[in-house]
Amino acid sequence: MNSREKIYDVIVVGAGHAGIEAALATARMGCKTLMLTLNLDHIGQMSCNPAIGGIGKGHLVKEIDALGGEMGRAIDETGIQFRILNTKKGPAVRASRAQADKALYRQRMKRALENCSNLTLRQGSVERLLVEGEEVNGVETQIGEVFCGRRVILTTGTFLKGLIHVGDKNYSAGRAGDFAAQGLSDSLREFGFKVGRLKTGTCPRLDGHTIDYSKLQVQYGDDPPIPFSFSTEKITQKQIPCYITYTNGRTHEVIRSALHRSPMYSGIIKSRGPRYCPSVEDKVVRFADKDRHQIFLEPEGYDTVEVYPNGLSTSLPLDVQVEMVHAIEGLEQAEIMRPGYAIEYDYFEPTQLYPSLETKLIKGLYHAGQINGTTGYEEAAAQGIIAGINAVLSLRGEEPLVLARDQAYLGVLIDDLVTKGTDGEPYRMFTSRAEYRLLLREDNADLRLTEIGYRIGLATEESFLRTREKKRRVEEVLKALEDGRVGSTEEINQKLQCIGSAPLRSQISLAQLLRRPEISFSHLPSFSRELAEIPSAVGLQSEVEIKYSGYVQRQLEGVERFRKMERVRLPEDMDYSAIKGLSREVREKLMKVRPRSLGQASRIAGVTPVAISLLSVYLKKRRLA
């Protein structure tokens with residue numbers, strides 16, 4: 001049977017972080033899936049920093065894992081340094097991050113795909129979409145191979161007309177060492193999609209043998225390391241340190257004197273890069289008052305000497321990169337193994353998508369990852385798993401999975417993209433983007449999402465039962481904390497004094513004791529032996545529930561107001577020109593996005609509260625709400 005005769009349920013184009021989660025989700029949910037990628041040896045490649053997680057990003061990884069995705073398990077097996085960030089802040093903004101062995105991570109992901117039932121891998125460059133009527137029915141490769149599919153998910157990363165810049169030199173590539181995809185952008189443009197250009201960049205890679213570590217500050221990971229996946233009991237592989245150094249006045253002078261040779265400042269690059277991950281030359285210009293910038297030297301794995309100098313992203317000419325690196329303490333003799341570079345690439349405005357990530361222009365076509373204007377492995381993987389799930393649900397004739405902003409960071413991410421777009425720069429997830437972030441913590445991602453993942457057929461029964469047991473244990477512990485009493489005895493007050501807590505004057509509940517800022521759940525077994533055997537995950541969950549109950553209650557009240565707005569549905573074919581009082585700008589924005597609810601309409605940039613009131617009145621008059 002040749003490719004023209006074989007029909008797949010789902011075709012996934014691309015094998016980066018979005019493509020991996022999309023393909024695994026569709027195959028594990030029972031669909032015959034084809035993954036097409038330019039290079040089978042580069043599946044799961046970490047094109048930029050060799051790490052998973054971070055502020056906001058770690059939350060996404062936990063949610064992917066809770067739904068039944070792969071990223072959390074993969075980093076747990078291949079991570080070489082794990083750290084919890086923001087430990088001195090509240091639980092809502094604490095985040096997991098781990099350095100990866102870059103080669104092992106890639107191999108781990110390829111193995112997961114190769115051993116997955118219902119999934120076929122093929123190498124090929126997709127250059128054209130095949131569409132019949134208004135519905136996708138396959139793809140065609142550069143060499144004319146045709147693959148038929150009932151649903152297609154595009155996860156093209158930076159490969160769409162990718163153009164790499166190093167100084168005034170540029171060349172076509174999807175990333176260093178890989179060809180770009182030239183025809184697919186034009187194919188999409190022909191179907192009416194609005195295309196734009198974005199930029200991202202990466203750091204030079206250094207030879208670790210040529211770094212003087214004696215001058216650097218060592219940074220160790222957490223001991224013990226805390227896993228990402230709810231299914232991982234503990235991290236057993238060896239952990240290795242990172243190192244910290246700083247740019248200085250001499251480094252900045254090297255950069256300033258060469259700005260006219262930077263493609264960003266000479267006008268060669270016109271597209272915008274990620275605001276929150278600027279190049280080092282951008283940092284020197286934008287933060288001219290800063291006399292130094294931190295550089296994290298991150299090893300790329302156990303069996304390589306390559307080191308990633310996180311914070312030194314650049315597209316300056318190679319000779320300037322060498323001089324710049326040598327002007328940093330500890331790197332005076334460092335050799336560059338691979339130069340840093342910037343890359344421009346095509347993306348497609350995500351307001352052209354439904355919240356399911358299906359495109360509005362072509363039925364059965366889904367976009368996920370950097371094609372939607374996002375940046376980051378975690379944001380890509382998050383979109384990939386949702387696009388994969390919804391492609392399968394569509395084939396089953398079921399309603400799409402659309403997570404609300406109060407349910408998951410996945411919901412915040414996708415709602416931001418389809419409602420607000422990217423505003424011309426790559427979108428990155430932060431905890432500050434979530435209005436209900438106290439409800440959307442890393443520690444409760446399984447309680448929020450695993451049942452959903454199990455119900456749709458992605459999360460395993462084992463994970464579902466584990467989550468149900470955790471929920472039961474938390475409820476038991478909360479009751480025990482409310483019922484348990486601790487009295488004002490000399491022994492108790494002595495223990496409190498050792499912790500730095502005020503003595504008791506009368507008997508109180510264990511829950512009241514835990515509400516004290518200086519008391520954590522780990523202190524409680526010394527006051528109640530029954531709590532000594534409680535698993536740490538259950539203890540943490542219980543502590544957060546007790547300490548932040550007032551804040552959580554206020555957020556839940558806000559959620560109810562939010563849900564009322566979300567329940568007011570807007571017809572997809574609504575005639576906004578018929579609503580008197582709306583400005584031309586508001587009408588244009590509403591017609592562009594076509595919001596599904598009054599709540600979504602209220603989040604469109606430039607749609608004022610007055611406009612929302614006019615919409616509400618209009619709906620009520622016509623009995624649409």
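Residues numbered from 1 in each chain as written. Predicted model: local features only at pLDDT ≥ 70, side-chain atom pairs only at ≥ 80, totals over all residues. Heavy atoms only, no water.

A.B. asks: Sorry if this is basic, but what is going on with the overall build of the protein here?
C.D. replies: Counting its regular elements, the protein contains 19 helices and 22 strands. Scaling as 2.2 N^0.38, a compact globule of 625 residues should have a C-alpha radius of gyration of about 25 Å, and the protein matches this with 26 Å. Taken across its 625 residues, the protein has 57% of its residues classed as buried. Within the protein, residue pairs in contact and separated by at least 24 positions form 73% of the contacts whose partners lie at least 6 positions apart. Entry remark: accessible area of the protein is about 27300 Å², with carbon and sulfur atoms responsible for 48%. Across the protein, the 86 positively charged side chains and the 80 negatively charged ones have centroids separated by 5 Å. (Helix = DSSP H or I, 4+ residues; strand = E, 2+ residues; numbered from the N terminus. Rg over C-alpha atoms; globule rule 2.2 N^0.38 Å. Buried < 20%, exposed > 50% of the residue type's maximum accessible area, 1.4 Å probe, protein only. Contact = heavy atoms within 4.5 Å. Areas by Shrake-Rupley, 256 points an atom, 1.4 Å probe, with all protein chains shown as cover. Lys, Arg positive; Asp, Glu negative; His and termini not counted. Charge placed at Lys NZ, Arg CZ, Asp CG, Glu CD.)

A.B. asks: Where do I start with the sheet that holds strand S18 (residues 336-338) in this structure?
C.D. replies: In sheet architecture, strand pairing relies on hydrogen bonds along the backbone and comes in two forms, parallel and antiparallel. On the basis of which strands lie adjacent, the open sheet formed by 6 strands has the order S14-S15-S16-S17-S13-S18 and antiparallel pairing. The open sheet has two edge strands, strand S14 (217-219) and S18, and neither has a second partner. Between one strand axis and the next, the sheet turns through 35° on average, direction left out of account. Of the strand pairs in this sheet, strand S15 (residues 242-246) and strand S16 (residues 294-299) are connected by 4 bridges, and their pairing is antiparallel. Within the sheet, the bridge partner assigned to Tyr-246 lies in S16 and is Gln-294. (Pairing = 2+ DSSP bridges. Axes fitted to C-alpha atoms, helices over the stretch in contact; angles between N-to-C directions.)

A.B. asks: Please clarify how the side chain of Asp-101 should be interpreted in this entry.
C.D. replies: Tracing the chain through its elements places Asp-101 in the loop between strand S5 (95-100) and helix H4 (102-114). An unpaired buried charge is present at Asp-101: no salt bridge exists, and Arg-106, the closest side chain of opposite charge, is 7.7 Å distant. Here the side chain of Asp-101 touches Tyr-302 through a polar contact of 2.8 Å, landing on its backbone nitrogen. If near-sequence neighbours (up to four positions away) are discounted, Asp-101 is found in contact with Thr-78, Ile-80, Glu-300, Gly-301, Tyr-302 and Asp-303. (Salt bridge = Lys/Arg side-chain N within 4 Å of Asp/Glu carboxyl O. Polar contact = N/O pair within 3.5 Å; in protein donor to acceptor, adjacent residues only side chain to side chain.)

A.B. asks: Looking at this structure, I do not really get the nonpolar core. What am I missing?
C.D. replies: Note on soluble globular proteins: their nonpolar side chains tend to be buried together. Ile-52, Tyr-105, Leu-113, Leu-119, Ile-386, Ile-389 and Leu-410 are the most contacted members of the largest nonpolar core, which has 79 residues in total. Per element, the largest residue contribution to this core is 12 residues, and it comes from helix H9 (residues 377-396). Excluding its chain neighbours within four sequence positions, the residues that come into contact with Ile-389 are Ala-25, Met-29, Leu-67, Leu-401, Ile-456 and Leu-458. The next biggest cluster of nonpolar side chains, apart from the first, holds 23 residues, and it includes Leu-206, Tyr-308, Leu-312 and Leu-331. (Core = buried A, V, L, I, M, F, W, Y, C linked by side-chain atoms within 4.5 Å.)

A.B. asks: Explain the pairing of strand S2 (residues 33-37) here, please?
C.D. replies: For S2, the tally of buried residues reaches 5 of 5 residues, placing the bulk of the element in the interior. Residues Thr-33, Met-35 and Thr-37 line one face of S2 and the alternating positions Leu-34 and Leu-36 line the opposite face, and both faces are buried. Once the chain exits strand S1 (residues 7-13) it traverses helix H1 (residues 17-28) before rejoining the sheet at S2, and the crossover so formed is right-handed. As judged from the 5 bridges shared by S2 and strand S6 (residues 119-123), these two strands associate in the parallel manner. Its bridge partner lying in S6, Thr-37 is registered against Gln-123. (Right-handed = clockwise from strand over helix to strand, strands pointing away.)

A.B. asks: How should the packing of aromatic side chains be read in this particular structure?
C.D. replies: Remark: the centre distance and the inter-plane angle together describe each pair of aromatic rings, the angle taken between the planes. Applying the stated criterion to the full structure yields 6 aromatic pairs. Where Phe-82 meets Phe-228, the ring centres are 6.5 Å apart and the plane angle is 55°; that geometry is what we call tilted. Of this pair, Phe-82 sits in strand S4 (residues 79-85) while Phe-228 is found in the loop between S14 and S15, placing the two residues 146 residues apart along the sequence. Looking at Phe-82, the relative accessible area reads 1%, which means it is buried. Here the aromatic rings of Phe-193 and Phe-348 are separated by 6.2 Å at their centres, their planes lie at 85°, and the arrangement is edge-to-face. In this pair, Phe-193 is assigned in the loop between helix H5 (184-190) and strand S12 (195-202) and Phe-348 in strand S19 (residues 341-348), connecting sequence segments 155 residues apart. Residues Phe-193 and Phe-348 agree in their burial class; the two are buried. Stacked on the ring of Phe-230, the Lys or Arg Lys-62 has its end atom at 5.1 Å from the ring centre. Directly above the aromatic system of Tyr-427 lies the positively charged group of Arg-433, at a separation of 4.1 Å from the ring centroid. (Phe/Tyr/Trp six-rings, centres within 6.5 Å; stacked < 30°, edge-to-face > 60°. Lys NZ or Arg CZ within 6 Å of the ring centre and 35° of its normal.)

A.B. asks: Help me understand unusual backbone geometry, please; the structure alone is not making it clear to me.
C.D. replies: When glycine is set aside, most residues are seen to have a negative phi, and most peptide bonds are trans. Omega for the peptide link from Asp-223 to Pro-224 comes to 5°, which places this bond in the cis form. Within the element layout of this structure, Pro-224 appears in the loop between S14 and S15. Residue Lys-161 is not a glycine yet carries a positive backbone phi of 50°. Note on placement: Lys-161 falls in the loop between strand S9 (146-154) and strand S10 (163-166). Note on Lys-161: relative accessible area 24%, which makes it partly exposed. Non-glycine residue Leu-357 carries a positive phi angle of around 75°. Mapped onto the elements of the fold, Leu-357 is located in the loop between S19 and strand S20 (365-367).

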